[in-house]
Amino acid sequence: MNILILGSGGREHSLAWAVLQNPKCDRLIVAPGNAGIAQIADCAGLDVNNPGLICDFAVENSIDFVIVGPEAPLAAGVVDRLRNAGILAFGPTQAAAQLEASKTFTKEICDAANAPTAAWARFTHAAAAKDYIRANGAPIVVKADGLAAGKGVVVAMDEATALAAIDDMFDGAYGAAGAEVVIEEFMGGEEASFFVLCDGETVLPIGTAQDHKRAYDGDEGPNTGGMGAYSPAPVLTDEIAQTALDQIIKPTMAEMARRGTPYTGVLYAGLMIEDGQPRLVEYNARFGDPECQVLMMRLGGQALDLLLACAEGRLAERQVNWAEDHAITLVMATKGYPGSYQKGSVIKGLDAVPETSSQIVFHAGTTVQDGQITATGGRVLNITARGATLLEARDQAYAMARQINWQDGFYRKDIGWRAL
Ligand code: AMP
Ligand code: GLY
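Below, the structure is looked at part by part. Quick caveat: nothing in here was measured; it's all calculated off a predicted structure.

### A look at the overall build of the protein chain
Phase 1: Tallying secondary structure elements over the protein chain gives 12 helices and 22 strands in all.
Phase 2: The C-alpha extent of the protein chain, read off along each of the three principal axes, is 60 × 50 × 40 Å.
Phase 3: For the protein chain, buried positions account for 57% of its 420 residues.
Phase 4: The long-range fraction of contacts in the protein chain, counting pairs at least 24 apart against all pairs at least 6 apart in sequence, stands at 68%.
Phase 5: Accessible surface, the protein chain: about 16500 Å² in total, of which carbon and sulfur atoms supply 46%.
Phase 6: Distance between charge centroids for the protein chain: 2 Å, based on 32 positive and 51 negative side chains.

Next up, the structure:
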């Protein structure tokens, strides 16, 4: 079959890599892709947030299956458009993608489904929001309602920070995403990510992972899109995962179906675990980046069969074949990220870390200039390794990272510390 993947990050490189392990894939196109993806698939420079354009491209290129990586095309309705044109697509409809696109929507669904999550309130005016903060005190969490590229959340440890966040949001710091603000109870505990596929009815768990959101070692520095991940996450024991399925995920999926907007695709549940009890932090309507890289490393070619079964409504027939393995990925980012940074520095040494069954370097923000791989983004490379233990995988990943010669890059030296 002919497959089109939408996106340009390490997540999409790992999806492309996994899809190509499966003999069902005859031709793979990735739009827009990156320098690493271009080494294994055809790339097409398309605007992935334009559903009409994507649909026309899919028809013209006889695409049988489209896999959507990031959230923006989902929120723009690309899956709806493709399905209307009779093209099989992996991902939720625009209505179902609201689970990520609107925090208020998710909170209402959780309340209707009786799913454990933080107490919350919604505000459209600063004065009322501030009264609520003063009444409840800190720590407290302030969130812009809409999509803010993962940046619209302020975990305020004191009241002044929370009040300042209200001013920022209503002053337009997050654009339209901040016109409505959600204020939440602060939840303590350890965070982990739980990934399931849902075909509108059946829910199939496909793995757990833990991300490292802060830029620097010891969980210091600003929040990022994620500086590294590993899978499985031991904090999400089988028992806690089952509780999360029974109390949070399945009731949410049932509520979505009951409302006439069944959820199809991967559901990424961010959970906070305290005293053995999981509570929902947030849902994302896509794979995490870099969590996807460790999941794909562990799933390999069967990932395509799972995504196809999900899109075709056949998940009940499938199960995941797990190896007893662990995977880890280190994010190499450009110095300065997540703030401003220089673009265009050359990355050397990639030849010293060839792809094997236990290691691969996924590309994120790279491009080819004058025949050399150069950095064009904040998060640039994902050094990914797999082993019988997390320790083995981690040591291998750090050995790989040391081979790469990139003056402008940095990476955390403590990925996996909680589990080790
Ligand atoms: P979100 O974009 O909703 O995932 O929030 C970003 C990060 O803020 C999460 O990964 C958590 O680390 C933190 N966070 C969000 N909501 C809460 C909460 N209610 N209590 C504690 N931490 C939170
Ligand atoms: N790594 C966090 C995310 O993809 O949202």
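### Remarks on the nonpolar core
Phase 1: Ranked by size, the top nonpolar core spans 51 residues in total, and within it F194 and I249 carry the most contacts.
Phase 2: At 8 residues, the largest contribution of residues to this core is made by helix α9 (residues 238–258).
Phase 3: In this structure, I249 is in contact with F194, V196, V203, A244, L267, A269 and Y283, ignoring residues within four places of it in sequence.
Phase 4: Ranked by size, the runner-up nonpolar core spans 43 residues in total, among them V266, A303, L308 and I360.

### Quick notes on the pairing of strand β7 (residues 140–144)
Phase 1: Taking burial as the measure, the 5 residues of β7 include 5 buried ones, the bulk of the element.
Phase 2: Judged by which residues are buried, β7 turns out to be covered on both faces: I140, V142 and A144 on one side and V141 and K143 on the other are all buried.
Phase 3: Of the pairings in the sheet, the one linking β7 to strand β8 (residues 153–156) comprises 4 bridges and is antiparallel in character. For V141, the partnering residue across the bridge sits in β8 and is V155.
Phase 4: With 5 bridges connecting them, β7 and strand β9 (residues 181–185) associate as antiparallel partners. Bridge pairing in β9 links V141 to E184.

### A short note on the site of ligand 1
Phase 1: Ligand 1 sits among 15 residues. The nearest are E184, E185, M187, E191 and E282.
Phase 2: In the environment of ligand 1, a nitrogen atom lies 2.9 Å from a nitrogen or oxygen atom belonging to the backbone of E185.
Phase 3: Contacts to ligand 1 include E282, whose side-chain N or O atom sits 2.7 Å from an oxygen atom.
Phase 4: Contact with the protein chains removes 89% of the 470 Å² of surface that ligand 1 exposes when unbound.
Phase 5: Those elements giving two or more residues to the shell around ligand 1 turn out to be β7, β8, β9 and β16 (277–284).

### Things to note about the site of ligand 2
Phase 1: In the region of ligand 2, the neighbouring residues are D211, G225, Y268, R286, G288, D289, P290 and E291.
Phase 2: At a separation of 2.9 Å, an oxygen atom of ligand 2 approaches a polar side-chain atom of R286.
Phase 3: Contact with the protein chains removes 87% of the 200 Å² of surface that ligand 2 exposes when unbound.
Phase 4: Partitioning the shell around ligand 2 into residue classes produces 2 nonpolar, 2 polar and 4 charged.

### With respect to the packing of aromatic side chains
Phase 1: Counted by the stated rule, this structure contains 7 aromatic pairs.
Phase 2: Taking 4.7 Å as the distance between ring centres and 45° as the angle between the ring planes, the aromatic pair formed by F195 and Y268 counts as tilted. Of this pair, F195 sits in strand β10 (residues 190–199) while Y268 is found in strand β15 (residues 264–274), placing the two residues 73 residues apart along the sequence.
Phase 3: Take F195: its relative accessible area is 0%, and that puts it in the buried class.
Phase 4: One aromatic cluster is present, built from ring pairs that chain together F90, F195, Y268 and F287.
Phase 5: A cation over a ring is seen here: K413 above Y411, with NZ or CZ 4.2 Å from the ring centre.

Parameters at a glance
- Residues numbered from 1 in each chain as written.
- Chains lettered and ligands numbered in written order.
- Predicted model: local features only at pLDDT ≥ 70, side-chain atom pairs only at ≥ 80, totals over all residues.
- Heavy atoms only, no water.
- Helix = DSSP H or I, 4+ residues; strand = E, 2+ residues; numbered from the N terminus.
- Buried < 20%, exposed > 50% of the residue type's maximum accessible area, 1.4 Å probe, protein only.
- Contact = heavy atoms within 4.5 Å.
- Areas by Shrake-Rupley, 256 points an atom, 1.4 Å probe, with all protein chains shown as cover.
- Lys, Arg positive; Asp, Glu negative; His and termini not counted.
- Charge placed at Lys NZ, Arg CZ, Asp CG, Glu CD.
- Core = buried A, V, L, I, M, F, W, Y, C linked by side-chain atoms within 4.5 Å.
- Pairing = 2+ DSSP bridges.
- Near = heavy atom within 4 Å.
- Polar contact = N/O pair within 3.5 Å; in protein donor to acceptor, adjacent residues only side chain to side chain.
- Nonpolar A, V, L, I, M, F, W, Y, C, P; charged D, E, K, R; others polar.
- Phe/Tyr/Trp six-rings, centres within 6.5 Å; stacked < 30°, edge-to-face > 60°.
- Lys NZ or Arg CZ within 6 Å of the ring centre and 35° of its normal.

Note that every value here comes from positions in space, so none of it alone points to a role or purpose.
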